[in-house]
Amino acid sequence: MTTKTREAATELPLNQILGGDCIEIMNSLPEGSVDLIFADPPYNLQLRGDLHRPDNSKVDAVDDDWDQFDSFKVYDNFTRDWLAAARRVLKPNGAIWAIGSYHNVYRMGAELQNQGFWILNDVVWRKSNPMPNFRGKRFTNAHETIIWASKNEAAKYTFNYEALKSLNEGIQMRSDWVLPICNGGERLKNEDGEKAHPTQKPESLLHRILVGTTNPGDVVLDPFFGTGTTGAVAKMLGREFIGIERESKYREVAQKRIDAVRKFDKDALRVSTSKRAEPRVPFGQLVERGMLRPGEELSSLNGRRTAKVRADGTLVSNDVKGSIHQVGAHLEGAPSCNGWTYWTFKRDGKQVPIDVLRQQIRAEMN
């Protein structure tokens, strides 16, 4: 095999929908090549006969062949095989989201742990508009469970905490998500006006998952692609996707849907990050660049303390010398101090936090 042929054989089929068996196709992809997997496997609903509404009209339930398994053993073997293929294709710091209902999620969760995945959270997707329970013999099924797991315990998986917090109006994102099921204009229909897919997932669900646990340019694999919600949202958010779907009718709908999607511009793709993730800027760099001058006086935010800037990027206040953090802590008699938010400088008669200068440098670096 020539070098060129070898490269072609290991090249990822980015932004494509691949037709065929997901296990075989995942096993043909390069090992350790995918950042995130979103998996919406068959739930094995074990339906017994038709389901009717009180007016005797038939409910369009999931009764397709792809959701039929002869026994729990057959389903467990299928789950074991597709999870093994998924684990193989994940990067060392990759992660997986696997969604299910009470019919299959516990069996799937056990197999995830059996194979060495490390469960990070189980997220409850509480449906704000669930289908009612027409038989009246059980509670209305108003939620599904999504398991989020890293490839192993030591994996440095992506978690955009600040971005999810911003999505939630500044409040830490919880593990119970209230989102509507897919309906209205988002629900795709076939030529006969019927649902194109019985279990189409809402874009809001994938938006939250991809914003929270991937970055622009990451490769997202969906081995049960259906009508392409993962691919559509990935394209909008500037992520690469690989879809695998056995049924040709779903592939056709998904491709048409994705072709119509417009990718967001670069600025719109940026999300909030924690200060720890931002580039480190030494205080001395502000002095080197003349943003602050040696001998210039800084004041504490409360106005009670002052210190002078020295040429080497340290401060001096009376007999105390050291970093912006050390001097601030000493003057306040505190064990520690964040000098960036403690000290201010004067410009145009106003006291301005020195952190403003640090953010200017970071903006240039980005």
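This structure is a prediction, so every number in the text was calculated from the model and none was measured. (Residues numbered from 1 in each chain as written. Predicted model: local features only at pLDDT ≥ 70, side-chain atom pairs only at ≥ 80, totals over all residues. Heavy atoms only, no water.)

### Let's talk about the overall build of the protein
The line we're drawing: Helix and strand definitions here come from DSSP, where helices need a minimum of 4 consecutive H or I residues and strands a minimum of 2 consecutive E residues; each element is numbered from the N-terminal end. Each residue is placed in one exposure class: buried if its accessible area under a 1.4 Å probe, protein chains only, is under 20% of its type's maximum, exposed if it is over 50%, and partly exposed if it falls in between.
Each helix and strand in the protein was counted, giving 13 helices and 14 strands. Residues classed as buried in the protein amount to 43% of the 366 residues present.

### A short note on the sheet that holds strand S12 (residues 320–322)
To keep things clear, this is the line we draw: Only when DSSP finds a minimum of two bridges between them are two strands counted as paired. Axis lines are fitted through C-alpha atoms, for helices just across the contact stretch, and the angle between N-to-C directions can take any value from 0 to 180 degrees.
Within the open sheet, the six strands sit side by side as S12-S11-S10-S9-S13-S14. Their pairing is antiparallel. Edge positions in the open sheet fall to S12 and strand S14 (350–353), since each of these has one partner strand only. Each neighbouring strand pair of the sheet contributes to a mean axis angle of 35°, computed without reference to strand direction. Here four bridges tie strand S13 (residues 343–347) to S14, and the two strands are oriented antiparallel to one another. Residue pairing in the sheet places Lys346 in a bridge with Gln351 of S14.

### Quick notes on the nonpolar core
How we decide: Each nonpolar core is a collection of buried residues, namely Ala, Val, Leu, Ile, Met, Phe, Trp, Tyr and Cys, held together in the definition by side-chain atoms within 4.5 Å. Residues count as neighbours in contact if any of their non-hydrogen atoms are within 4.5 Å of one another.
One finds Trp97, Trp177, Leu205, Ile209 and Leu210 to be the most contacted residues of the largest nonpolar core, which totals 34 residues. In terms of residues, this core owes the most to one element, helix H6 (residues 203–213), which gives five residues. Excluding residues that lie within four positions of it along the chain, Ile209 makes contacts with Leu36, Phe38, Trp97, Trp177 and Thr214.

### Here's the deal with the sheet that holds strand S4 (residues 118–127)
The strand order across the open sheet built from eight strands is S1-S8-S7-S2-S3-S5-S4-S6, with neighbouring strands paired in mixed fashion. Sheet topology places strand S1 (16–19) and strand S6 (176–179) at the edges, where each strand pairs with a single neighbour. The average angle at which neighbouring strand axes cross in this sheet is 20°, direction not considered. Strands in contact with H6 are strand S2 (34–39), strand S3 (90–100), S4, strand S5 (143–150), S6 and strand S7 (219–222); relative to S6, the strand with the most contacts, it is inclined by about 140°. Running over the sheet, helix H8 (residues 248–259) touches S1 and strand S8 (240–245) and is turned about 175° from S1.

### So, the packing of aromatic side chains
Two measures describe an aromatic ring pair: the distance that separates the ring centres and the angle between the ring planes. We apply this condition: Centres within 6.5 Å are what make two rings of Phe, Tyr or Trp a pair, Trp counting through its six-membered ring; a difference in plane orientation under 30 degrees is then read as stacked, over 60 as edge-to-face, and the rest as tilted. By definition, being over a ring means that NZ of Lys or CZ of Arg is both within 6 Å of the ring centre and within 35 degrees of the ring normal.
Evaluation of the coordinates by the stated rule reveals 11 aromatic pairs. Pairing Trp97 with Trp148 gives two aromatic rings, centres 5.3 Å apart and planes at 10°, and the pair type is stacked. Of this pair, Trp97 sits in strand S3 while Trp148 sits in strand S5, and the two are 51 residues apart along the sequence. For Trp97, a relative accessible area of 3% gives the class buried. These aromatic residues form a ring-pair network of at least three members: Trp97, Trp148, Tyr157, Phe159, Tyr161 and Trp177. In this structure, Lys127 is placed above the aromatic ring of Trp125, and the distance from its NZ or CZ to the ring centre is 5.2 Å. Lying across the ring of Trp177, Arg208 places its NZ or CZ 5.0 Å from the centre.

### Some details on helix H13 (residues 355–365)
For clarity, the cut-off: Each direction from the helix axis to a C-beta atom contributes to the arc, which is the arc of those directions.
Regarding H13, the residues found buried are Asp355, Leu357, Arg358, Ile361 and Arg362. Along the long axis of H13, the arc covered by the buried residues comes to 155°, so they all point the same way. In H13, the exposed positions angled more than 90 degrees off the buried face are occupied by Ala363 and Glu364. Each element contacted by the buried residues of H13 is listed here: helix H10 (283–288), helix H12 (339–342), S13 and S14.

### Topic: the packing of helix H7 (residues 229–236) against H8
This is how the line gets drawn: Just so you know how the angles are binned, under 35 degrees is roughly parallel, over 145 roughly antiparallel, 65 to 115 roughly perpendicular, and the rest oblique. Less than a right angle of anticlockwise turn of the near helix away from the far helix marks a crossing as left-handed, whereas a clockwise turn marks it as right-handed. Nonpolar residues are Ala, Val, Leu, Ile, Met, Phe, Trp, Tyr, Cys and Pro. Charged residues are Asp, Glu, Lys and Arg, and all others, Gly as well, are polar.
Direction vectors running N to C along H7 and H8 enclose 15°, while the axes themselves pass 9 Å from each other. Judged by the inter-axis angle, H7 sits roughly parallel to H8. By crossing handedness, the relation of H7 to H8 is classed as right-handed. Across from Thr229, Gly231, Ala232 and Lys235 in H7, the residues of H8 making contact are Arg257, Ile258 and Asp259. Taken together, the residues of the contact of H7 with H8 sort by class into two nonpolar, two polar and three charged.

### Side note on the side chain of Asp218
This is how the line gets drawn: Only four residue types enter the charge count: Lys and Arg as positive, Asp and Glu as negative, with His and the chain ends excluded. By definition, a salt bridge exists where a carboxyl oxygen of Asp or Glu is found within 4 Å of a side-chain nitrogen of Lys or Arg.
Examined against the element boundaries, Asp218 turns out to sit in the loop between H6 and S7. Although Asp218 lies buried, it forms no salt bridge, and the closest oppositely charged side chain, Lys91, sits 5.8 Å away as judged by the N-O distance. Apart from the residues lying within four places of it in its own chain, the contact partners of Asp218 are Asp35, Arg239 and Glu240.

### Focus: the confidence of the model for the protein
Our working definition: Per residue, pLDDT measures the predictor's confidence, with a range of 0 to 100.
With 89% of its residues at a pLDDT of 70 or more, the protein has an overall mean of 87. The low-confidence segment residues 1–9 (pLDDT under 50) makes one contact with residues lying over four places distant or belonging to another chain. Predicted confidence for residues 47–62 stays below pLDDT 50, and this span has 25 contacts to residues more than four positions away or in other chains.

### A word on the side chain of Arg239
To keep it simple, the criterion reads: Pairing of N or O atoms within 3.5 Å defines a polar contact, subject to two protein rules: one partner must be a possible hydrogen donor and the other a possible acceptor, and residues neighboring in sequence count only if both atoms are side-chain atoms.
The residue Arg239 is located in the loop between H7 and S8 in this model. Nearest to the buried, unbridged Arg239 among oppositely charged side chains is Asp218, at 5.9 Å. Here the side chain of Arg239 touches Leu237 through a polar contact of 2.6 Å, landing on its backbone oxygen. In contact with Arg239, not counting residues within four places along its chain, are Asn15, Leu210, Val211, Thr214, Asn215, Pro216, Gly217, Asp218, Val220 and Ala234.

### With respect to helix H4 (residues 105–114)
Of the residues making up H4, those classed as buried are Val105, Met108, Gly109, Glu111 and Leu112. Seen along its axis, H4 keeps its buried residues to an arc of 165°; they face one direction. Of the residues in H4, the exposed ones pointing more than 90 degrees away from the buried face are Tyr106, Gln113 and Asn114. For H4, the elements touching its buried residues are helix H3 (72–89), S3, S4 and S5. Within two residues after H4, Gly116 carries a phi angle of roughly 100°, on the positive side.

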